[in-house]
Amino acid sequence: MTTPQKSLVIGGGVIGLNIALQLQAQGFQVTLCDSGNRESASYGNAGHIATEQAEPLASMATVKSAWRRWFVRGGALSLPPQAIGAWLPFSLRLLGAAQPKRFAHGKTVLRDLLTSAMPAWRRRVADIGAPDLLCEDGHFVIWETPESAAKGLRSWSAADTGTASLRPVTGDEMAQLSALTQKKIHGAIRFIGTAQIADTRRMLETLGERFVERGGRYLRERVEKMIIRKGDAWVVLSGGEQLTADKVVIAAGIGSKPLLESVGEAVPMIAERGYHIQAPEHGWPKGFPPVVFEDRSMIVTGFESGLRAASFVEFNRQDAAPDPRKWARLRKHVADLALPFKGEGAQWIGTRPTLPDYLPAIGHSDKAGNLYYAFGHQHLGLTLGAVTGEIVADMIKSGRGPDAFTLSRFK
């Protein structure tokens, strides 16, 4: 009888958990190591399966419109002066990635990846016995002025939305949207082919429970660093214990950067931080799809655990103090719109791991024979979680990975 190969997955967010489950399905004995950091974007994202975002945010359109989106002008983009050493080099790399040829390539590979996102999620929720986690009801985008409605509709109509499509809302849908806010809605569209996770907390808990039920070992410890010994990668835990396996996968979000850099990989990733507020008690209709208030760069999602309003793109250092003005602005938006929040809502800040071309990093490291990685999914970590798990497991089994997403593209 052949002894199963062992794998070690670092990171217990939506990417790491999907990888661990898929490796189990391939016959590996899997250990998953995670510190339980609740600042991971897996815990605080908008719950939106964003198949419509087929155009990378590293584009000339993004660059040219950035000044209109600055936080000081009421927008969602924040470039704190004290973090210029982090965001300036990243921004220069983003500018290079936004050039037409590289953008076109990025759109092609991202679109292909997103095509597989929803089918992979259907397989995953069926596999873990929780099909109700995936709500395939699309989402809404609304505008509060005639001018922004006309401009927004033109922009979305011209965009490549991949497998998702859009249409004007019906009369009944407009009535439902209007009942959510006291502000007049001057335009709205509904996306078809996008989805929502019913509750991010239940999703993560269920994925973790199935992993353990299937024989997985879950270590709730922090990895301090990695070392290379005789051509293999080892991880060093906070207590000093050293671990390795036949296959080691780094899927620790923003924490992947220091781990891989400790063995000589170059990882030009930035902490792109987002904020949300969430009210456990609310009057949002049960099962109503997410609503994007595009004039405010805010998405509102009803979860089983509460109503969440999320926004902001803050390029910063991971350990920088939160900016309380952002929570205050979210509360102001909620109050101005008279959304059915009850109370101020709990505050959260978390980090999207973002690479300059807004594509993920998935590949086999050349620093060690047993070392693989999957991180840098920016705003699409939830969307691409299930398909990334499948890609990584197939890469490890076949020895062939997706060339478009390797870290070597930054050399």
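To be clear, the structure that these remarks concern was listed above.
An account of the accompanying structure is given in this report. (Residues numbered from 1 in each chain as written. Predicted model: local features only at pLDDT ≥ 70, side-chain atom pairs only at ≥ 80, totals over all residues. Heavy atoms only, no water.)

## Digging into the overall build of the protein chain
A count of helical and extended segments in the protein chain gives 12 helices and 21 strands. Based on the C-alpha atoms only, the size of the protein chain along its principal axes is roughly 65 × 45 × 35 Å. Intrachain contacts of the protein chain at a sequence separation of at least 6 include 76% that bridge at least 24 residues. Working note: accessible area of the protein chain is about 17600 Å², and carbon and sulfur atoms make up 53% of it. Once the 49 positive and 40 negative side-chain charges of the protein chain are each reduced to a mean point, those two points are 4 Å apart. (Helix = DSSP H or I, 4+ residues; strand = E, 2+ residues; numbered from the N terminus. Contact = heavy atoms within 4.5 Å. Areas by Shrake-Rupley, 256 points an atom, 1.4 Å probe, with all protein chains shown as cover. Lys, Arg positive; Asp, Glu negative; His and termini not counted. Charge placed at Lys NZ, Arg CZ, Asp CG, Glu CD.)

## Let's talk about a positive patch on the surface
The grouping of Arg68, Arg69, Arg73, Lys151 and Arg154 at the surface amounts to a positive patch. Within the fold, Arg68 resides in the loop between helix 3 (60-65) and strand 4 (77-78). When its relative accessible area of 42% is taken as the criterion, Arg68 is described as partly exposed. (Patch = residues over 30% accessible without salt bridge, like charges linked within 9 Å, V, L, I, M, F, W, Y side chains within 5 Å. Salt bridge = Lys/Arg side-chain N within 4 Å of Asp/Glu carboxyl O. Buried < 20%, exposed > 50% of the residue type's maximum accessible area, 1.4 Å probe, protein only.)

## Here's the deal with the sheet that holds strand 3 (residues 48-49)
Strand order in this open sheet of 3 strands is 3-9-5, and the pairing throughout is antiparallel. Whereas interior strands pair on both sides, the edge strands pair on one side only; in this sheet they are strand 3 and strand 5 (134-135). Of the pairings in the sheet, the one linking strand 5 to strand 9 (residues 195-197) comprises 2 bridges and is antiparallel in character. Bridging across to strand 9, Leu134 finds its partner in Ile197. (Pairing = 2+ DSSP bridges.)

## Section: the sheet that holds strand 12 (residues 232-237)
Consider a sheet: its strands pair through backbone hydrogen bonds, and that pairing is either parallel or antiparallel. Strand order in this open sheet of 3 strands is 11-12-13, and the pairing throughout is antiparallel. Looking at strand neighbours, the two that pair on one side only are strand 11 (223-229) and strand 13 (242-243), the edges of this open sheet.

## Regarding a nonpolar patch on the surface
A cluster of nonpolar side chains, namely Trp67, Trp70 and Val72, defines an oily patch on the protein surface of about 350 Å² accessible area. For Val72, the location among the structural elements is in the loop between helix 3 and strand 4. Judged by its relative accessible area of 72%, Val72 falls in the exposed class.

## Here we look at helix 11 (residues 324-337)
The terminal C-alpha atoms of helix 11, which comprises 14 residues, lie 20 Å apart, in line with the 20 Å expected from a rise of 1.5 Å per residue. Considered for burial, the residues of helix 11 that qualify are Lys326, Trp327, Arg329, Leu330, Arg331, His333, Val334 and Leu337. For helix 11, the elements touching its buried residues are strand 4, strand 15 (270-279), strand 16 (291-293), strand 17 (298-303), strand 18 (306-316) and strand 19 (346-354). Once helix 11 finishes, Ala338 follows within two positions and takes phi at roughly 55 degrees, a positive value. (Expected span 1.5 Å × (residues − 1).)

## Some thoughts on empty space enclosed by the protein
The final tally for this structure, using the stated rule, is 1 cavity of 30 Å³ or more. Of the volumes computed, that of the largest cavity is approximately 40 Å³. Looking at the lining of the largest cavity residue by residue, the classes come out as 4 nonpolar, 2 polar and 1 charged. (1 Å grid on protein atoms, 1.4 Å probe; cavity = no way out; pocket = protein on both sides within 12 Å on 5 of 7 lines; lining within 4 Å. Points joined across faces, edges and corners; volume = space filled by probe spheres on them. Nonpolar A, V, L, I, M, F, W, Y, C, P; charged D, E, K, R; others polar.)

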